[in-house]
Amino acid sequence: MKNIIQNIKENYRLVIGVLIVGILIGWIFFHSSGEMVSQETHIEGHEGHNHESEDPTTWTCSMHPQIKQDKPGKCPICAMDLIPLTIISSGGDDVDPNEIVMTESAIKLASIQTMIAKKGIPSKTIYLQGKIHVDERNIAELTARFGGRIEKLFVNFTGQNVSKGEKLATIYSPGLVAAQRELLEAISLKESRPSLYTAAKGKLKLWDLSDKQIAEIEEKGEPQIYFDVLSPISGTVMMRHVAIGDYIKEGSALFKVVDLTKVWAMFDAYESDLPWIKISDKIDFTIQALPGKNFSAKVSYIDPFINGKTRVASIRVDIQNPKLTLKPEMFTTGILESKIAESSNEILVPKSSVLWTGKRSVVYVKVPNRETPSFLYREIVLGPEAGLFFVVKEGLNEGEEIATNGVFKIDASAQLIGLPSMMNPDGGKVSTGHNHGNTNSKQDHSTHSQISENLERTMFEVGGACEMCKARIEETALSINGVEHAKWSTEDHILHLSFDSKKVKITDIHKAIAKAGHDTELEKASDDIYNELPGCCLYERLTYGKVKSSAESSEFFVNGACGMCKERIEKAALSVNGVQSAEWNEESKIIQVSYNSKIKLMEIHQAIAKVGHDTKMVKANDDVYNALPECCKYERKLK
């Protein structure tokens, strides 16, 4: 041991060097081994992780849910910040798969507003147009009971006022003189042949002679040569059919006398307004010829028939007219405040909350107790129109919250993500052409797109003057099988029309509107029908010539996906010489163009197809389509 210690002391420098080298080698060895173990552990863990089962966050747009990306960024359509799809899809176990979920920012951007459905008393303000008419119960028609000649005339002009029992004319009648002589001869046989006397006296009574006049004849013992025609009522002579010296036959019209102290106001009411009108409803009205004076009366009669040409029924009120200030044929304007359910309440919803296709009515109900605003598609049954509201008969309960503004935007979102919507109640994916995932995936066009392509849209001028004209024109158009939408403007007199060309021809629509009394660009209404329209509806007639107007307009389907598409499509259409305006709708995929009639519509189709967008008639070149930005890649259908 001493020798070992002695050797260490003698060689301590060597020992220290060996120790240092050993420590250094050990550190290097164990450090690299740790790294290897760590790397092996990491590799084993990485190999054990299944990438295919990983569900990375998908980013989408709150306004355009068809946009899906694997990283955050901005929407290529509206430039909004993308948000995680999990935020939109989050919900509880009671989440309905048909819920349309929208973020708060999307709600604000779409200006969506809601309200609680409540019950109320349905009311409607009905505006009526009409005229003053004579009371038909106060008209007396005087006809000749016997033939003769007008010897004297006490009524010199039409419009003369007469009193009851006043003389109107004096008649000489040979037949009446002969009948009087028969009576005088029968008087002598009164005792032996009373039946002869009774028959002769009855004959004079049938000729409108009174018992007093017959008694005077018997008393005088000679026939009366002249007989007076007396007025049966007090009133105004409305018509005079005879003059002095005229020979008349039995049954000939002599005079027409009318009592104008009581008159009628006859208003025209459309069939859609009739459910709101009942007997005893008060109508406040004014007379155009008597400004500053207000009148009021109650409905006394509702015509049981509707005029087949004007589509109106007459509503009558009785008016006292002691000073004869109201003249027949004066124009009048009335207002009727109607309440059809005074004893019970009905659920009322604003018109803006209802999407109406003509076959069904749709509202969007907000789902309660959701952190993120959600809506559900709901079909309802509407009752009568109540001013700015509709009465809901079925499909909605009191207290439910519904969307009242921005409803169409909610419906558009539902279409895009394949949920039940107005145009597609059964649901179905809407293809927009954005294919950020599998580039080989193929999707069918949505029902909305198919309907847009099947429907023809057009607009043309229709003569008219007022709101009554608007209702008549639109109701006539919508009554035709195949017409889906009709809207006429009182300002520019243009009718916007959507119709199925397989069910109805555009010329048939023109003819139907003309039959209702309104000129169109192709058909002129009959003068007889036009003259029967209410006074407020007498518009300035359209002119027809051999040369057609140089300006035409049309609507047709153009496929596209985003705002960039809109700019490209409209620019292409306007590049055609003669196109005056072009506007493409991103939601409906419909472009409205106005152009000079000298150019062909096919030229506009071809110009749009050249920039990469399929139209209803022309398919874009595949190379041009493939060169479009990704956000513009729509789902193609044309072959």
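To be clear, the structure that these remarks concern was listed above.
As a starting point, this report considers the structure included with it. (Residues numbered from 1 in each chain as written. Predicted model: local features only at pLDDT ≥ 70, side-chain atom pairs only at ≥ 80, totals over all residues. Heavy atoms only, no water.)

### Focus: the overall build of the chain
Operational definition: Counting from the N terminus, the helices are DSSP H or I runs at least four residues long and the strands are E runs at least two residues long. The cut-offs for exposure are 20% and 50% of the maximum accessible area for each residue type, with area from a 1.4 Å probe on protein chains only; residues under the lower value are buried, those over the upper are exposed, and the others partly exposed. Contacts are assigned to residue pairs that have any heavy atoms within 4.5 Å of one another.
What the chain contains, in helices and strands, is 15 helices and 32 strands. A buried classification covers 41% of the 639 residues belonging to the chain. When contacts within the chain are restricted to residue pairs at least 6 apart in sequence, those whose partners lie at least 24 apart make up 64%.

### A few points about the side chain of Thr458
Position of Thr458 relative to the elements: it lies in strand β27 (residues 455-461). Judged by its relative accessible area of 17%, Thr458 falls in the buried class. In this structure, Thr458 is in contact with Leu495, His496, Leu497, Phe499, Ile506 and Glu555, ignoring residues within four places of it in sequence.

### Examining unusual backbone geometry
For Leu324, which is not glycine, the phi torsion reads 60° and is therefore positive. Mapping Leu324 onto the fold places it in the loop between β19 (312-320) and β20 (331-339). Taking relative accessible area as the criterion, Leu324 reaches 25% and is therefore assigned partly exposed. The phi dihedral of Asn369 falls on the positive side, at around 60°, and the residue is not glycine. Inspection of the secondary structure puts Asn369 in the loop between β23 (361-366) and β24 (374-386).

### Let's talk about the sheet that holds strand β11 (residues 167-172)
In a beta sheet, neighbouring strands pair by backbone hydrogen bonds and run either parallel or antiparallel. This is how it is decided: Strands qualify as paired when DSSP identifies two bridges or more between them.
Spatially, the 4 strands line up as an open sheet ordered β12-β11-β9-β14, and their pairing is antiparallel. What marks the edges here is a single partner per strand, and that holds for β12 (226-230) and β14 (247-248). By the bridge criterion, 5 bridges tie β11 to β12 in an arrangement that is antiparallel. Paired with Ile171 across the two strands is Phe227, which belongs to β12.

### Re the pairing of strand β17 (residues 282-287)
Residues Ile283, Phe285 and Ile287 point to one face of β17 and are all buried, whereas Lys282, Asp284 and Thr286, pointing to the other face, are not buried. Pairing of β17 with strand β18 (residues 294-302) involves 5 bridges; the strand directions are antiparallel. What sits directly across from Asp284, in β18, is Ser296. Between β17 and β18, which follow one another and run antiparallel, lie 6 residues, and Gly292 among them has a positive phi close to 90°. Relative to β20, β17 runs antiparallel, the two being bridged by 5 bridges. Note on β20: the bridge partner recorded for Phe285 is Gly334.

### A short note on the sheet that holds strand β2 (residues 68-69)
On the basis of which strands lie adjacent, the open sheet formed by 3 strands has the order β2-β1-β3 and antiparallel pairing. Both outer strands of the open sheet, β2 and β3 (83-84), are each paired with one neighbouring strand and no more. Two strands pair when backbone bridges link them, and strand β1 (residues 59-60) and β2 are joined in this way by 2 bridges, in the antiparallel orientation. Residue Trp59 lies in a different strand from β2, and its bridge partner there is Gln69.

### With respect to helix α10 (residues 467-478)
Heads up, the condition is: Expected span, for any helix, means 1.5 Å times one less than how many residues it has.
When the terminal C-alpha atoms of α10 are compared, their 16 Å separation across 12 residues agrees well with the 16 Å that a helix rising 1.5 Å per residue should span. When we look at burial in α10, the residues that qualify are Met468, Cys469, Lys470, Arg472, Ile473, Glu474, Thr476 and Ala477. Those residues of α10 that are buried lie in contact with β7 (123-134), β16 (262-270), β28 (483-488), β29 (494-500) and α11 (506-515).

### Here we look at the nonpolar core
Selection criterion: What makes a nonpolar core is a set of buried Ala, Val, Leu, Ile, Met, Phe, Trp, Tyr and Cys residues whose side-chain atoms join them at distances within 4.5 Å.
Counting 30 residues, the largest nonpolar core has Leu142, Leu209, Leu254 and Phe255 as its most contacted members. Looking at this core, the elements with two or more residues in it are β8 (139-143), β9 (148-153), β11, α5 (174-188), α6 (194-206), α7 (211-220), β12 and β15 (253-258). Ranked by residue count, the leading element in this core is α5, at 4 residues. By size, the runner-up hydrophobic cluster in this structure holds 28 residues, among which are Val263, Phe285, Val317 and Leu326.

### Things to note about the packing of aromatic side chains
Spelled out, the test is: Under the pairing criterion, centres of Phe, Tyr and Trp rings, with the six-membered ring standing for Trp, must be within 6.5 Å; the plane angle then separates stacked pairs below 30 degrees from edge-to-face pairs above 60, leaving the rest tilted. Any Lys NZ or Arg CZ found within 6 Å of a ring centre and within 35 degrees of that ring's normal is scored as a charge over the ring.
Under the defined criterion, the tally for this structure stands at 7 aromatic pairs. Taking the centre distance of 5.1 Å and the plane angle of 80° together, the rings of Tyr530 and Tyr539 count as edge-to-face. For Tyr530, a relative accessible area of 11% corresponds to the buried category. Through a chain of ring-to-ring contacts, the aromatic side chains of Phe267, Phe285 and Phe295 assemble into a single cluster. The ring of Tyr625 carries Lys633 above its face, with NZ or CZ at 5.8 Å from the centroid. Of note, Arg636 hangs over the ring of Tyr625, and the distance from its end group to the ring centre comes to 4.4 Å.

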